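These are the residues of each chain, in order.
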Amino acid sequence: MERRIRAAKFPQTKSLDTFDFKAIASLNKALVLELARCEWIERRENCIALGPAGTGKTHTALALGLAACQKNYSTLFVTAAALVHELMEARDERRLRILQKNLSKVDLLIVDELGYVPFTAVGSELLFEVLSRRYEQGSTMLTSNLPFDEWTSVFGSERLTGALLDRLTHHVHILEMNGDSYRLASSQKRARKRGALAQPEPNIHADKPQEGGATSED
Ligand code: ADP
Ligand code: MG
């Protein structure tokens, strides 16, 4: 298990034990708990978490990745940008086929943060190939701040995006993570605590998120 966790290259360790489901009403808790049992990985299904920044997509992906390692599934966590970068580098160094093969072998590939950076045409093709090859061969978990109808802006091609979504969503669990940024909410809570010590009067407006505040995240 330790070996699985090391090989997964998680940037941080997060588990569902520290996840506050009450903070995100749109998220189907029962589904997340079910996914943590990893039967979907056995069935080679996919999972896509969608929602704006700070809603716990990465946290959930890390937690499901950790659960997969605990069940002895080979797992790899990577951001979409890093994966595309790695693929381009491998292509330049003529070791693309080996990398592709390794990527097609992992039981669970987690691709985080699809959507923040658009890919070049070559980058799109390379990522498309990775994800296509995994179709019905292994599970892929993706997180994105963009709804499906905006994925074309990341891949640059409607045809390719259509083909990709067709495969990815054939057997898929969707995690809807729409809500306020947890980071923003918790920093406001801290600020409120500090404020409460400094001021005798509680600030009644403090728990309203500021207009446009959530968009400044990330
Ligand atoms: P996203 O990937 O959607 O931008 P993250 O998963 O990175 O968001 O969450 C931002 C921070 O807030 C992380 O430190 C994460 O652990 C924490 N966080 C987000 N949602 C929750 C939650 N519901 N319960 C506990 N911590 C959360
Ligand atoms: Mg994230």
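What counts as what
Residues numbered from 1 in each chain as written. Chains lettered and ligands numbered in written order. Predicted model: local features only at pLDDT ≥ 70, side-chain atom pairs only at ≥ 80, totals over all residues. Near = placed C-beta within 6 Å. Helix = DSSP H or I, 4+ residues; strand = E, 2+ residues; numbered from the N terminus. Nonpolar A, V, L, I, M, F, W, Y, C, P; charged D, E, K, R; others polar. Expected span 1.5 Å × (residues − 1). Buried ≥ 20, exposed ≤ 12 C-beta atoms within 10 Å, placed from the backbone. Arc of directions from axis to C-beta. Contact = placed C-beta atoms within 7 Å. Axes fitted to C-alpha atoms, helices over the stretch in contact; angles between N-to-C directions. Parallel < 35°, antiparallel > 145°, perpendicular 65-115°, else oblique. Pairing = 2+ DSSP bridges. Right-handed = clockwise from strand over helix to strand, strands pointing away.

(A) Seen up close, the site of ligand 1. Taken together, 15 residues are adjacent to ligand 1, and Gly56, Lys57, Thr58, His59 and Tyr182 come closest. Where the shell around ligand 1 is concerned, the elements lending two or more residues are α4 (57-70) and α10 (182-198). Counting residues per element, the shell around ligand 1 draws most heavily on α4, at 3 residues. Taken together, the residues that form the shell around ligand 1 break down as 5 nonpolar, 6 polar and 4 charged.

(B) Main features of helix α5 (residues 80-92). With 13 residues, α5 should cover 18 Å at 1.5 Å per step; its first-to-last C-alpha distance of 18 Å lies within 8% of that length. The complete set of buried residues in α5 reads Ala80, Leu83, Val84 and Leu87. Looking down the long axis of α5, one finds its buried residues gathered within 95 degrees of arc, a one-sided arrangement. Among the exposed residues of α5, those oriented more than 90 degrees off its buried face are Glu89 and Asp92. Check the buried side of α5 and you find it contacts β2 (75-79), α6 (96-105), β3 (108-114) and α7 (121-133).

(C) Structural context of unusual backbone geometry. The residue Arg44 is not glycine, and still its phi comes out positive at about 60 degrees. Looking at the element boundaries, Arg44 is found in the loop between α3 (39-42) and β1 (46-50). Backbone geometry places Arg94, a non-glycine residue, at a positive phi of 55 degrees. Its location among the elements puts Arg94 in the loop between α5 and α6.

(D) How the structure looks around α4. Between its first and last C-alpha, α4 extends 20 Å over 14 residues, near the 20 Å set by a 1.5 Å rise per residue. Where burial is concerned, most of α4 is hidden: 13 out of the 14 residues are buried.

(E) Structural context of the packing of α5 against α7. For the pair α5 and α7, interaxial distance at closest approach is 9 Å and the crossing angle is 100 degrees. By the angle between their directions, the pair α5 and α7 is classed as roughly perpendicular. Contact residues: α5 offers Leu83, Val84, Leu87, Met88 and Arg91, while α7 offers Val122, Gly123, Leu126, Leu127 and Val130. Classifying every residue of the contact of α5 with α7 by side-chain character gives 8 nonpolar, 1 polar and 1 charged.

(F) Highlighting the sheet that holds β3. The strand order across the open sheet formed by 5 strands is β2-β3-β4-β1-β5, and the pairing between neighbours is parallel. In the strand order of this sheet, the two ends are held by β2 and β5 (172-176), each with one partner. The sheet shows a mean angle of 15 degrees between the axes of neighbouring strands, direction not considered.

(G) Region of interest: the pairing of strand β4 (residues 139-144). Here β4 lies mainly inside the structure; 6 of its 6 residues are buried. Neither face of β4 is left uncovered, since the one carrying Ser139, Met141 and Thr143 and the one carrying Thr140, Leu142 and Ser144 both have all their residues buried. Pairing of β1 with β4, which is carried by 4 bridges, proceeds in the parallel orientation. The partner of Ile48 across the bridge, within β4, is Leu142. When β3 meets β4, the two strands line up parallel, connected through 5 bridges. Across the sheet, residue Val111 finds its bridge partner in β4, namely Leu142. Considered for its hand, the β-α-β crossover made up of β3, α7 and β4 is right-handed.

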